[in-house]
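Residue-level listing of the chains:
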Amino acid sequence: MMRVNTAYLLDPETTIFKPVELPVSMGIRPIYDLIGCRLLEVVRFDERHTLFVDEEGLKEGLTAFAVFDGYPQALAGKIALVGGDGREPYTSPLISLEDAAQYFKCCRPVLDPVFAKADEISAGGIIIAGALAGLQCRIERRAPTLVEGEA
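As the structure is a computational prediction, the values presented were derived from the model and not from experiment.

Colleague: Any chance you could explain the side chain of Asp54 here in plain terms?
Modeller: Secondary-structure assignment places Asp54 in strand β4 (residues 49-54). It turns out Asp54 is buried and unbridged, and the closest side chain with the opposite charge, Lys59, is 5.1 Å from it. For Asp54, the side chain forms a polar contact with the main-chain nitrogen of Glu56, separated by 2.8 Å. If sequence neighbours within four positions are ignored, Asp54 has contacts with Ile35, Cys37, Leu39, Ala76 and Lys78.

Colleague: When you look at the sheet that holds strand β6 (residues 79-83) in this model, what are you seeing that I'm missing?
Modeller: Two strands in a sheet stick together by hydrogen bonds in their backbones, pointing the same way (parallel) or opposite ways (antiparallel). With mixed pairing, the six strands of this open sheet are ordered in space as β3-β4-β6-β1-β2-β11. Strand pairing shows two members of the sheet lacking a second neighbour, β3 (40-46) and β11 (145-146), which therefore form its edges. For strand β2 (residues 16-23) and β11, the ladder comprises two bridges, and the chain directions are parallel. Bridge pairing in β11 places Phe17 opposite Leu146.

Colleague: Sorry, what's going on with the sheet that holds strand β7 (residues 104-115) here?
Modeller: Strand order in the open sheet made by the three strands is β5-β7-β10, with antiparallel pairing throughout. Both outer strands of the open sheet, β5 (65-68) and β10 (132-142), are each paired with one neighbouring strand and no more. Between one strand axis and the next, the sheet turns through 35 degrees on average, direction left out of account. Bridge count between β5 and β7: four bridges; the pairing is antiparallel. Within β7, the residue paired with Phe65 across the bridge is Cys107.

Colleague: Any chance you could explain the pattern of salt bridges here in plain terms?
Modeller: Opposite charge on two side chains lets them pair, provided their charged atoms get close. Counted according to the given criterion, the structure contains four salt bridges. One salt bridge connects Arg38 with Glu56, and the closest N-O pair in it is separated by 2.6 Å. Residue Arg38 is found in the loop between α1 (29-35) and β3, and its partner Glu56 is found in the loop between β4 and β5; the two are separated by 18 residues along the sequence. Judged by its relative accessible area of 33%, Glu56 falls in the partly exposed class. Notably, a salt bridge pairs Asp112 with Arg138, separated by 2.5 Å at the nearest N-O pair. One end of the pair, Asp112, is in strand β7; the other, Arg138, is in strand β10, with 26 residues separating them in the sequence. Residue classification places Arg138 among the partly exposed positions, given a relative accessible area of 38%.

Cut-offs applied
- Residues numbered from 1 in each chain as written.
- Predicted model: local features only at pLDDT ≥ 70, side-chain atom pairs only at ≥ 80, totals over all residues.
- Heavy atoms only, no water.
- Helix = DSSP H or I, 4+ residues; strand = E, 2+ residues; numbered from the N terminus.
- Buried < 20%, exposed > 50% of the residue type's maximum accessible area, 1.4 Å probe, protein only.
- Lys, Arg positive; Asp, Glu negative; His and termini not counted.
- Salt bridge = Lys/Arg side-chain N within 4 Å of Asp/Glu carboxyl O.
- Polar contact = N/O pair within 3.5 Å; in protein donor to acceptor, adjacent residues only side chain to side chain.
- Contact = heavy atoms within 4.5 Å.
- Pairing = 2+ DSSP bridges.
- Axes fitted to C-alpha atoms, helices over the stretch in contact; angles between N-to-C directions.

Spelled out as C-alpha cells, the structure:
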C-alpha cells in the first residue's frame, strides 16, 4: 500500500477548498500535477506550513485569484497547503481545513452595467435615459467553500 499525505487544495476559480491525498514516495512531483503548473513558487503560510502556487499564474486573461492574509500580492491558480517548511519531505497540514480557510479570500473581477440616469451627451451622441452607458469593474471577494472528506 502506498503511503500518502494530505494537502489542502484551494481553487480560486470555484472557491473550493478541500483535502486531497498525495503519494509520499513521488516527492514534490504530485504537487506540480495537482496545481497544473511548470514552475512552483513557495510561500510561507506560517512556521509549520507552506503554500505551493503557480509561479506563472498571474497572467493576462486572469478570471480569478486568491488573497492570502499578510502576503503582498495576489496568488493565481490552484494553491496547495502542506505541512513543513517547503523542503522535502512535506507532511500533512497540522491545522484544520476550517482554520486554514480563514486566511484566504477568493476573488474575481465582476462587470456591473452602468445605465444613463437622464439623457446624456457623449462623444458618440445622445444616450437615452435607461440605456447602457458603460460598464464598471469591481472585485468580488468570497471565503473559500469547504469540502470535507475528499482525502
